[in-house]
Amino acid sequence: IKILKNHLGANNFKKVIDGSKILLNKLPNNDYLFNLTGMAYQGLSQHQNAIKFFNEALKLAPNNIAAMNNLANSYKELNFLDSAMLHYENVIATTKSEAAAEAKYNICHIYFLREDYTACETQIMELVQQKPTYDYWLAKGILLLGDNFTQLKDYFNARHSLQSIIDNYDGP
């Protein structure tokens with residue numbers, strides 16, 4: 001499994017899929033392996049296949065946060081936004097880890113994609129008020145808030161949002 005994880009990190013998605021098919025015959029109850037395989041399919045933009053593997057991981061381990069979040073990401077990529085939203089909400093209800101901050105950001109982004117700028121702003125403000133210790137997701141949320149303000153033609157606040165990232169964020 002460690003070798004497959006290394007292949008995933010090196011974007012050798014086909015090797016991960018081929019290797020996991022062999023290992024899943026020997027380890028059919030390994031939720032981590034199902035999730036890893038789903039991630040490889042995601043890497044190939046084969047989200048329908050990815051969804052099957054994430055669902056299998058969740059059948060084996062219903063609280064597998066990584067599989068839950070990955071499943072939501074594939075639904076979002078396929079523009080099944082209601083399904084994505086449901087799974088992101090499940091992540092938030094299950095954990096307070098960085099995965100929850102990522103899920104909250106993705107919920108904000110779904111509202112933005114739906115052009116529901118009021119809900120997007122409300123969700124971003126909730127993210128900011130939660131004061132997550134995960135600066136990356138907070139910064140992405142504030143950048144999205146700037147995009148949101150731009151769509152509303154509120155250029156003053158859009159610029160202010162961007163400037164706050166420039167002045168205060170040191171991350172990638």
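For clarity, every value in this text was computed on a predicted model and none was experimentally measured. (Residues numbered from 1 in each chain as written. Predicted model: local features only at pLDDT ≥ 70, side-chain atom pairs only at ≥ 80, totals over all residues. Heavy atoms only, no water.)

1. Brief notes about the overall build of the chain
In terms of regular secondary structure, the chain is built from ten helices and zero strands. For the chain, the α and β elements follow one another from N to C terminus as α-α-α-α-α-α-α-α-α-α. Taken along the three principal axes of its C-alpha coordinates, the chain extends 60 × 30 × 25 Å. Across the 172 residues in the chain, those meeting the buried criterion constitute 47%. Carbon together with sulfur atoms contributes 52% to the accessible area of the chain, which is approximately 9700 Å² in total. The distance from the centre of the 16 positive side-chain charges to the centre of the 17 negative ones in the chain is 10 Å. (Helix = DSSP H or I, 4+ residues; strand = E, 2+ residues; numbered from the N terminus. Buried < 20%, exposed > 50% of the residue type's maximum accessible area, 1.4 Å probe, protein only. Areas by Shrake-Rupley, 256 points an atom, 1.4 Å probe, with all protein chains shown as cover. Lys, Arg positive; Asp, Glu negative; His and termini not counted. Charge placed at Lys NZ, Arg CZ, Asp CG, Glu CD.)

2. Overview of helix 9 (residues 135-151)
Relative to the 24 Å expected for 17 residues at 1.5 Å per residue, helix 9 spans 24 Å between its end C-alpha atoms, a close match to the ideal helical length. Every buried residue of helix 9 is accounted for by W137, L138, A139, G141, I142, L144, L145, G146, N148 and F149. As for helix 9, its buried residues are in contact with helix 7 (98-113), helix 8 (117-129) and helix 10 (155-168). Following helix 9 by one or two positions, K153 adopts a phi angle in the positive range, close to 60°. (Expected span 1.5 Å × (residues − 1). Contact = heavy atoms within 4.5 Å.)

3. Digging into the side chain of Q42
Take Q42: it is sitting in helix 3 (residues 31-43). Overall, Q42 belongs to the buried group, its relative accessible area being 17%. Filtering out sequence-adjacent residues up to four positions away, Q42 remains in contact with H47, A50, F54, N70, N73 and S74.

4. Some words on the nonpolar core
Formed by 32 residues in total, the largest nonpolar core has its most connected members in L8, L36, A40, L71, Y88, V91 and I110. Mapped onto this core, the elements with two or more residues apiece are helix 1 (2-9), helix 2 (13-26), helix 3, helix 4 (47-60), helix 5 (65-77), helix 6 (81-94) and helix 7. Non-local contacts of L8, meaning those with residues more than four positions away in its chain, are made with F13, V16, L36, M39 and A40. If you look at the next biggest cluster of nonpolar residues, it comprises twelve residues, including Y105, F112, C120 and L144. (Core = buried A, V, L, I, M, F, W, Y, C linked by side-chain atoms within 4.5 Å.)

5. Brief notes about the environment of N12
Here N12 lies in the loop between helix 1 and helix 2. You can call N12 partly exposed: its relative accessible area is 28%. In this structure, the C-alpha to C-alpha distance between N12 and A40, residues 28 residues apart in sequence, is 8.1 Å.

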